[in-house]
Amino acid sequence: MRLGVCYYPEHWPESMWEDDARRMKALGISQVRIAEFAWSRMEPSPGEYDWGWLDRAVDVLGNAGLQVVMCTPTATPPKWLIDRHPDILPVGADGRVRGFGSRRHYDFSSPSYYEASQRICTAVAERYGKHPAVAYWQTDNEFGCHQTVVSYSPAAVARFREWLRARYGTIDALNRAWGTVFWSMEYRSFDEIDAPIGTVTEAHPSHRLDYRRFASDEVARYNRMQVEVIRAHSPGRPVAHNFMQLFTEFDHYKVAADLDVATWDSYPLGALEELWFAPELKARWLRTGHPDFASFNHDVYRGMSKLPFWVMEQQPGPVNWAQWNPAPLPGMVRLWSWEAFAHGAGCVSYFRWRQAPFAQEQMHAGLNTPDNRLDLGGNEATQVAADIRRVLDAHADAAGDVRAAVALVFDYEAKWLFEVQPQGADFHYPRFAFEYYSALRSLGLDVDIVPAHAPLDGYKLVVVPPLPVVPDDFADRLARCGAHVVLGPRTGSKTRDLQIPSNLPPGSLAGLLGARVWRVESLRPNVDVPVVSSHVATGAAAQPFAGVGRHWRDLIDTGTDAERDVSGVEVRATFGDGHPAWVRRGRVNYLASLFDDALTAHVIAQIAGESGLDVTAQGESVRVSRRGGLTYVFNYGEATHTIDGVDAAAFVLGSRDVEPQGVAAYRTSA
Ligand code: GAL
């Protein structure tokens, strides 16, 4: 459990560096990330490197006892490089070239950029790869930020054709897989295929989905090149990348597979403001962030990181980039930091050491104000450093593992597929995955977030938000793992090629579930449909329940036919018009709609209870997490929360009374 900070020595007079480093160390910081945007200072003109300033900065930090996270500077190609190779610039869906003057102005498929990146990465890695102060690396910065994953340049289209050739082998196979006979879209060769933009109406959905898959693979290929360069020149130093919060434009599992540390950048208030949350929720959690948002990301990145994941950038105060930028309530910077550790983080690194008085982010807080005084976030970081010492003294295993009994399957292609073919305008996959996660967290459950191909053995409950394309062995793995399973609507609804399965949804899961989705409908936002429990669900023990379905309905046929074994299929809830809303067979449950939050939590609580899990409703604003033999309690609300039934002596942080924005941790086994 370490603290870090993001630092830009190139933004400040050299006369400040030593004092900065000394104060970082005194605050309790142990690692400092530098140089991710410093290309124009490393190589001011083509081939003319200036390492002097960076050598001195690394030495100053190292001499102060700080570890350096060195970055490759490829998120910001300098002007001279763009002028020499204008083909580096990406092309938007409107066909227009995106210009120089901010950042991330590059195309993952540009051969000149690939080559220039290889060259600057090699230069930095050769120079600092074995420096004793350089302990870690970061590739680039936030792949995909500012909608930069997909580009429609000639270079991208050329590589897309090669990608298609590798995937399909022959053009006939592609024509069949896509179904191009529809509207006379058949191709005679891969070279005839363009980018799926600029069409009169909707471009072919399989074409669009493949373009997204291709663009995602380009990110992985580009990152892999950088990792290989770094490993060649800096053996033994872990390589990280800083991913973004709930970002879904490329397959993060594939990129993380090449890294040692998956890290992410946590801006809970900016995210709340910019993402799908309803205006009431934006107001409700204005200064705290949504209680499940940072956790969701911690669990995503923990799952894909070989070493403990990190928060590479932690919001320290107001940011500048959301529509509105409120200040966090006092205590939140500390709460967010502890929440990361409670979910398994190895490091929380604040963005940034000092607020910059110039350029795009001059309104973004740092740990210090521009006049170099410790800001509120800096004070809270100081407190976290003291907390860490206290917790580790009291409980040496505090930095142990998180062990969850619940897995939630999270899939990137699902997002792209539903975007390509929403069928209902607000069918937003990340939101639905988050709602299932939030229901689990509101019941006090720890959750592992895993890819669809992950081993599932050992879990008691597996929750699958809408997963249109299921792996071939998914039904088998679900059956064999012994867990209770919750499948969201639209699961198994498409083949890999984006066609309707020949046996209708849920395709290869039909054998498991004994049900067939014969029709679907989407619902506009101001319409919902009633859902009520059926007698099967409300037998002797359970209470009747009711709620509503939103956005979507799968109409399910549970009747017999020659090809399906429907024995043991139970309808546990129905829609107002009698169609099944919740179907169960054995341990496998299928939900035919997206239920309101209370109903989702109710249904999941019932299934979790049947799986043998201990569920305890936490209310709206309290969350618990367990790691390394400690239970952490976080209070996002306005009132003091009292923890019942725990001996006062068991607390290693805080006490039974957890104040608003407060944190407590107690020994679970005490
Ligand atoms: C991140 C980015 C940083 C900085 C920060 C501001 O997305 O990686 O460079 O821009 O946001 O909040």
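Owing to the predicted nature of the structure, the values given are computational and were not obtained by experimental measurement.

**Here's the deal with the overall build of the chain**
Consideration 1: Scanning the chain from N- to C-terminus turns up 19 helices and 26 strands.
Consideration 2: What you see for the chain is a C-alpha radius of gyration of 26 Å, in line with the 26 Å of a compact globule of 670 residues.
Consideration 3: Overall, the C-alpha framework of the chain stretches about 80 × 75 × 40 Å when taken along its three principal axes.
Consideration 4: Taken across its 670 residues, the chain has 61% of its residues classed as buried.
Consideration 5: Summarising the internal contacts of the chain: among those between residues at least 6 apart in sequence, 72% fall at separations of at least 24.
Consideration 6: Roughly 25,500 Å² of accessible area belongs to the chain as shown, and the carbon and sulfur atoms make up 51% of that amount.
Consideration 7: Each charge sign in the chain was given a centre, from 66 positive and 81 negative side chains, and these centres are 1 Å apart.

**Here we look at helix α17 (residues 474-481)**
Consideration 1: Restricting attention to buried positions, one finds in α17 the residues Phe474, Ala475, Arg477, Leu478 and Cys481. Looking straight down α17, one finds that the buried residues subtend no more than 165° of arc, so they occupy a single side.
Consideration 2: Here the buried face of α17 lies against β9 (406-409), β11 (461-464), β12 (484-487) and α18 (510-513).

**Some details on the pattern of salt bridges**
Consideration 1: The full count for this structure, using the stated rule, is 47 salt bridges.
Consideration 2: Between Asp194 and Arg161 there is a salt bridge, with the nearest N and O atoms lying 3.3 Å from each other. Pair noted here: Asp194 is in the loop between α7 (171-178) and α8 (205-233) and Arg161 is in helix α6 (residues 154-168), with a separation of 33 residues, a long-range link.
Consideration 3: Glu435 is the salt-bridge partner of Arg431, the closest N and O atoms lying 2.9 Å from each other. Pair noted here: Arg431 and Glu435 are both in helix α16 (residues 429-442), with a separation of four residues, about one helical turn.
Consideration 4: Counted as one network, the salt bridges with shared partners bring together Arg167, Asp210, Arg213 and Glu413.

**A short note on the domain arrangement of the chain**
Consideration 1: Each assigned domain of the chain is listed with its residue range as follows: domain 1 (406-610) and domain 2 (622-667).
Consideration 2: Each of domain 1 and domain 2 has a C-alpha centre, and these two points are 33 Å apart.
Consideration 3: Taken together, the contacts link five residues of domain 1 with four residues of domain 2.
Consideration 4: Both faces combined, the contact of domain 1 with domain 2 buries some 420 Å², and carbon together with sulfur accounts for 28% of it.
Consideration 5: Broken down residue by residue, the surface that domain 1 buries against domain 2 is led by Arg441, Gly444 and Asp446, which jointly contribute 85%.
Consideration 6: At the boundary of domain 1 with domain 2, the tally comes to one salt bridge.
Consideration 7: Here Asp446 and Arg626 are joined by a salt bridge, their closest N and O atoms 2.7 Å apart.
Consideration 8: At the junction of domain 1 with domain 2, the criterion picks out four residue pairs in polar contact (both at pLDDT 80 or more).

**Examining the sheet that holds strand β24 (residues 651-653)**
Consideration 1: Strand order in the open sheet formed by four strands is β21-β22-β26-β24, and the pairing between neighbours is antiparallel. Each edge of the sheet is formed by a strand with only one pairing partner; in this case those strands are β21 (622-627) and β24. Across the sheet, the mean angle from the axis of one strand to that of its neighbour is 25°, orientation sign disregarded.
Consideration 2: Pairing of β24 with strand β26 (residues 663-667), which is carried by two bridges, proceeds in the antiparallel orientation. Looking at β26, one finds that Leu653 is bridged to Ala665.

**Some thoughts on the UniProt feature "domain: Glycoside hydrolase family 42 N-terminal" (unreviewed entry) in the chain**
Consideration 1: Listed under "domain: Glycoside hydrolase family 42 N-terminal" (unreviewed entry) in the UniProt record, and renumbered for this structure, are residues 6-389.
Consideration 2: With 41% helix and 9% strand, residues 6-389 has end C-alpha atoms that lie 22 Å from one another.

**Digging into a nonpolar patch on the surface**
Consideration 1: The grouping of Val181, Phe182 and Trp183 at the surface amounts to a nonpolar patch, some 400 Å² of accessible area in total.
Consideration 2: As for its position among the elements, Trp183 is in the loop between α7 and α8.
Consideration 3: A residue is classified by how much of its surface remains accessible, and Trp183, at 59% relative accessible area, is exposed.

**As for the packing of α8 against helix α15 (residues 412-420)**
Consideration 1: Packing of α8 against α15 brings their axes to within 9 Å, and their N-to-C directions diverge by 150°. For the crossing formed where α8 meets α15, the hand is right-handed. Seen from α8, the contacting residues are Pro205, Arg208, Leu209, Arg212, Arg213 and Ser216; seen from α15, they are Glu413, Lys415, Trp416, Leu417, Glu419 and Val420.
Consideration 2: Grouping the constituent residues of the contact of α8 with α15 by class yields five nonpolar, one polar and six charged.

**Some details on the site of the ligand**
Consideration 1: If you check the shell around the ligand, you find Phe37, Arg103, Asn141, Glu142, Asp265, Tyr267, Glu313, Trp321, Phe351, Glu361 and His364 and nothing else.
Consideration 2: A distance of 2.5 Å separates an oxygen atom of the ligand from a polar side-chain atom of Glu142.
Consideration 3: Measuring from an oxygen atom of the ligand, one finds a side-chain N or O atom of Tyr267 at 3.5 Å.
Consideration 4: With the chains in place, 95% of the 310 Å² that the ligand exposes on its own is no longer accessible.

**A closer look at the sheet that holds strand β8 (residues 347-350)**
Consideration 1: Taken together, the eight strands give a closed barrel; going around it, the order is β1-β2-β3-β4-β5-β6-β7-β8, and neighbouring strands pair in parallel fashion. Taking each pair of neighbouring strands and ignoring which way they run, the sheet shows an average axis angle of 30°.
Consideration 2: With three bridges connecting them, strand β7 (residues 310-314) and β8 associate as parallel partners. Counterpart to Val311 in the pairing with β8 is Val348.
Consideration 3: With respect to the sheet, helix α12 (residues 293-304) is in contact with β5 (239-243), β6 (261-266) and β7, its orientation differing from that of β6 by roughly 165°.

**Details of unusual backbone geometry**
Consideration 1: Note the cis peptide between Phe351 and Arg352, where omega equals 5°.
Consideration 2: The topology assignment puts Arg352 in the loop between β8 and α14 (376-394).
Consideration 3: Of note, the amide linkage connecting Pro505 to Pro506 takes the cis form, showing an omega dihedral of 5°.
Consideration 4: Tracing the backbone through its elements, the reader meets Pro506 in the loop between β12 and α18.
Consideration 5: At Trp183, a position not held by glycine, the phi torsion is positive, near 60°.
Consideration 6: With a phi angle near 70°, Ala359 is a residue other than glycine that sits in the positive phi range.
Consideration 7: As for its placement among the helices and strands, Ala359 is situated in the loop between β8 and α14.
Consideration 8: You can call Ala359 partly exposed: its relative accessible area is 46%.

Conventions we followed
- Here, residues in each chain are numbered from 1, in the same order as that chain's written sequence.
- Under the rules for a predicted model, residues below a pLDDT of 70 receive no local features and side-chain atom pairs below 80 are neither given nor counted, while totals for whole chains, interfaces and linings still include all residues.
- Note that the side-chain values use all heavy atoms of the structure and ignore hydrogens as well as water.
- Numbering of helices and strands runs from the N terminus, with a helix taken as a DSSP run of H or I at least four residues long and a strand as a DSSP run of E at least two residues long.
- What the globule rule says is 2.2 Å times the number of residues to the power 0.38, and the radius of gyration is computed from C-alpha atoms.
- Partly exposed describes any residue whose relative accessible area lies between the buried limit of under 20% and the exposed limit of over 50%, with all areas from a 1.4 Å probe on protein chains only and scaled to the type maximum.
- Contacts are assigned to residue pairs that have any heavy atoms within 4.5 Å of one another.
- Every accessible area reported is derived by Shrake-Rupley at a probe size of 1.4 Å, with residue values counting cover from the shown protein chains alone.
- Here Asp and Glu are counted as negative and Lys and Arg as positive; His is not counted, and neither are the chain ends.
- Lysine's charge is taken at NZ, arginine's at CZ, aspartate's at CG and glutamate's at CD.
- What the arc describes is the spread of directions from the helix axis to the C-beta atoms.
- Put simply, a salt bridge is a Lys or Arg side-chain nitrogen that is within 4 Å of an Asp or Glu carboxyl oxygen.
- Boundaries of every domain are those given by an automatic assignment or by a domain database.
- Throughout, the accessible surface (probe 1.4 Å) given up by two parts as they are put together, summed over both, is called the buried area.
- Throughout this description, a polar contact denotes any pair of N or O atoms lying within 3.5 Å of each other; where both atoms belong to protein, one of them has to be capable of donating a hydrogen while the other can accept it, and for residues adjacent in sequence the pair is counted only when both atoms sit in side chains.
- Strands are treated as partners if at least two bridges between them are detected by DSSP.
- Geometry is summarised by axes, namely lines fitted to C-alpha atoms with helices restricted to the contacting stretch, and by angles between N-to-C directions that run from 0 to 180 degrees.
- UniProt positions are given in the numbering used here, feature names are shortened, and annotations may be inferred rather than shown by experiment.
- Patch building starts from residues that exceed 30% relative accessible area and form no salt bridge, then joins like charges within 9 Å and nonpolar side chains (Val, Leu, Ile, Met, Phe, Trp, Tyr) within 5 Å.
- The hand of a helix crossing depends on one turn: near helix anticlockwise from the far one by less than a right angle means left-handed, and clockwise means right-handed.
- Classes in brief: Ala, Val, Leu, Ile, Met, Phe, Trp, Tyr, Cys and Pro nonpolar; Asp, Glu, Lys and Arg charged; the others, Gly included, polar.
- Neighbouring residues are identified by heavy atoms, a residue being near a molecule or strand if any of them is within 4 Å of it.

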